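Breakdown of the fold
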Amino acid sequence: MNGATLHFGPHPVIPRFACRLSDASVAAVEALAETILASEPQIASTEAFGKGVTSGLAGFPALHLHDVDRPYQGGSPVMREHRALLLARAGDLVLLGRPSEDFVTYCREDLGLGRVEVLCPRPSPRPRHLGLRALQDPGLCRRIERIAAIAGGLDVVPYQATGGVWALAGRIARRAGVPVRVGGPPPRLCAAVNNKIWFTTRVSRLLGKRHLPPTTSVSGWAHLAHTIRRLARTHGKVGIKLPSAAGSAGNLVLDAPDVCAFPSLAGLRDHLVEVLTGVGWTEPFPTLVSVWEESVLRSPSLQGWIPHPHSGAPILEGVFDQTVTGSRGHFVGCTPTTLPMDIQEQILEEGARIFLLFQKLGWYGRCSLDTILVGAGLADARIHWVE
């Protein structure tokens, strides 16, 4: 299925696959969503930011900011926050921490993407999210509020809908007296879905434990050492994963022989403290410990768009093969998948159930789900959902 391009604000969305879930699957998703909402009733709440700000996109001028889940700590600004320029349209605003005039000119003149206004928050003494930096710049806020007031509203289009993004949207709505829409999910739900512990726990309840690598959550150094030694006795490698880190950024892989060489748990614990604090993980708990699968055939990713429920079911845009390198599985790029259709269909069906669960919880916007295929060959490969 290749449907016509849909537009949700500046986002072009192309439905490429149709996946009709069975009534039983939908009922199971709805039951789990009700259970989660009963135990986490504030997970989709945006009340703290005021009545004028909600999830969605309304066609107002847009403020783009590619805020990420941790403070910007180097690397190419073009590869991170400047990506927002590729979505911006004429008349939009783009918030950049360190503007590159050359790239702004390239997008406007060479690519013909339209003239946008680039805003830069004043320097901060320490790395901070763009949304929080903007909040601390009264002059910049007044400029955004003035534009929002003239237009009658504003769409805020983030890379990730962090609390700082929502706080900035709330201030604009209050000061300008106009509605502000955030093109992303409520911040607590965003943080939960991007937390590997929360994600794996809910996927296990929805699809079953066999759809995940052997994984457990640990809460302290002694618990960590005990769990790693137990897994190392029966597996070649063990992985430690920071729950809220993206991709390989929070992965540490240990070889089983190195783990088993320690004669005591106390010695292993002390070694882990030294290694993890040495890479900046001073208090990493709770964290995930997982069998590090060595027979990984592919790393497919499912991309989709989750609209408001009244706008229809989640949209399946594509399955992509991710290219990863190194012992920690560092992501370097992706291409449209060449997997057999039966495997793609299983990824699409299971992924559609996960997307539907997120929609029932209040998610709005783009969503990406990562998997690994494990086995001796594609004929008997198992799909494991990892984040």
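Before going into details, it helps to say that this report is about the structure given with it. Since the model is a prediction, treat every value here as computed from it, not as a measurement. (Residues numbered from 1 in each chain as written. Predicted model: local features only at pLDDT ≥ 70, side-chain atom pairs only at ≥ 80, totals over all residues. Heavy atoms only, no water.)

Looking at helix α4 (residues 138-151)
Since the α-helix advances by 3.6 residues per turn, residues separated by three or four positions end up pointing in the same direction. Between its first and last C-alpha, α4 extends 20 Å over 14 residues, near the 20 Å set by a 1.5 Å rise per residue. Within α4 the residues assigned to the buried category are L140, C141, I144, E145, I147 and A148. Seen along its axis, α4 keeps its buried residues to an arc of 165 degrees; they face one direction. Lining the buried residues of α4 we find β4 (62-65), β5 (93-95), β6 (117-119), α3 (130-135), β7 (154-158) and α5 (163-176). Once α4 ends, the next one or two residues include G152, with phi positive near 85 degrees. (Helix = DSSP H or I, 4+ residues; strand = E, 2+ residues; numbered from the N terminus. Expected span 1.5 Å × (residues − 1). Buried < 20%, exposed > 50% of the residue type's maximum accessible area, 1.4 Å probe, protein only. Arc of directions from axis to C-beta. Contact = heavy atoms within 4.5 Å.)

Observations concerning a nonpolar patch on the surface
Taken together, L86, Y106 and L111 make up a surface patch of nonpolar side chains, about 270 Å² in accessible area. Within the secondary structure layout, L86 lies in the loop between β4 and β5. Here L86 falls in the partly exposed class, since its relative accessible area comes to 47%. (Patch = residues over 30% accessible without salt bridge, like charges linked within 9 Å, V, L, I, M, F, W, Y side chains within 5 Å. Areas by Shrake-Rupley, 256 points an atom, 1.4 Å probe, with all protein chains shown as cover. Salt bridge = Lys/Arg side-chain N within 4 Å of Asp/Glu carboxyl O.)

Quick word on the nonpolar core
Ranked by internal contacts, the top residues of the largest apolar core, which has 36 residues, are I354, L357, F358, L369 and W385. Ranked by residue count, the leading element in this core is helix α11 (residues 341-361), at 10 residues. Every residue in contact with L357, bar those within four places of it in the chain, is listed here: V29, L32, A33, I36, R202 and L206. Core analysis: the next-biggest nonpolar cluster, separate from the first, contains 27 residues, F49, V53, W166 and A176 among them. (Core = buried A, V, L, I, M, F, W, Y, C linked by side-chain atoms within 4.5 Å.)

Thoughts on the packing of helix α1 (residues 23-39) against helix α7 (residues 196-207)
Contact pair α1 / α7: the axes reach a minimum separation of 10 Å and the direction vectors enclose 140 degrees. By the angle between their axes, α1 is oblique relative to α7. Regarding α1 and α7, the two cross each other, and that crossing is right-handed. Every residue of α7 that contacts α1 at V29, L32, T35 and I36 is listed here: W198, R202, R205 and L206. (Axes fitted to C-alpha atoms, helices over the stretch in contact; angles between N-to-C directions. Parallel < 35°, antiparallel > 145°, perpendicular 65-115°, else oblique. Left-handed = near helix turned anticlockwise from the far one by under 90°.)

Brief notes about the packing of aromatic side chains
Think of a pair of aromatic rings as described by two things: how far the centres are apart, and how the planes are tilted against each other in angle. For the structure on display, the rule yields seven aromatic pairs. For the pair F49 and W166, a centre-to-centre distance of 5.7 Å together with 40 degrees between the ring planes defines the contact as tilted. Taken together, the residues span a long stretch of sequence, with F49 in the loop between α1 and β3 (53-55) and W166 in helix α5 at a distance of 117 residues. Both residues of the pair, F49 and W166, count as buried. By the ring-pair criterion, three or more aromatic residues cluster together here, those being F8, W305 and Y364. Here R83 stacks its cationic end above the ring of Y159, 4.9 Å away from the centre of that ring. (Phe/Tyr/Trp six-rings, centres within 6.5 Å; stacked < 30°, edge-to-face > 60°. Lys NZ or Arg CZ within 6 Å of the ring centre and 35° of its normal.)

Remarks on the sheet that holds strand β11 (residues 251-255)
In spatial order, the strands read β9-β12-β10-β11; together these four strands make up an open sheet with antiparallel pairing. For this open sheet the edge positions go to β9 (215-218) and β11, each flanked by a neighbour on one side alone. When the angles between neighbouring strand axes are averaged without regard to direction, this sheet yields 25 degrees. Two elements, strand β10 (residues 237-241) and strand β12 (residues 287-291), share four bridges in a ladder whose sense is antiparallel. Among the inter-strand pairings, I240 is bridged to a residue of β12, identified as V289. The strands that α7 touches are β9, β10 and β12; relative to β12, the one it contacts most, it runs at about 55 degrees. (Pairing = 2+ DSSP bridges.)

Some points on helix α10 (residues 265-278)
The first and last C-alpha atoms of α10 sit 20 Å apart over 14 residues, in line with the 20 Å expected at 1.5 Å per residue. The elements touched by buried residues of α10 are α8 (221-232), β10, β11 and α9 (256-260). One or two steps after α10, the chain reaches G280, where phi turns positive at roughly 95 degrees.

Here's the deal with the environment of R366
Relative to the elements of secondary structure, R366 occurs in strand β17 (residues 365-374). Along the primary structure R366 and M341 are separated by 25 residues, whereas in three dimensions their C-alpha atoms are 24 Å apart. Sequence-distant contacts of R366, defined by excluding residues within four places in its chain, comprise H11, P12, V13, G304, W305 and E317. At 2.8 Å, the side chain of R366 forms a polar contact with the backbone oxygen of P12. (Polar contact = N/O pair within 3.5 Å; in protein donor to acceptor, adjacent residues only side chain to side chain.)

Details of the environment of C107
One can find C107 in helix α2 (residues 101-110). Sequence-wise, C107 and H82 are 25 residues apart; in three dimensions their C-alpha atoms are separated by 10.0 Å. Other than its neighbours up to four places away in sequence, C107 contacts L85, L86, G112 and L113.

Notes on the sheet that holds β7
Strand pairing in a sheet relies on backbone hydrogen bonds, with the paired strands running either antiparallel or parallel. Across the sheet, six strands lie side by side as β3-β8-β7-β4-β5-β6; this open sheet has parallel pairing. The sheet is open, and its two borders are formed by β3 and β6, each paired with just one other strand. Sheet twist, expressed as the mean angle between neighbouring strand axes with direction ignored, is 25 degrees. As paired strands, β4 and β7 are joined by four bridges and run parallel to one another. Bridged to A62 within β7 is D155. The strands touched by α4 within the sheet are β4, β5, β6 and β7, with β6 carrying the most contacts at an inclination of about 150 degrees.

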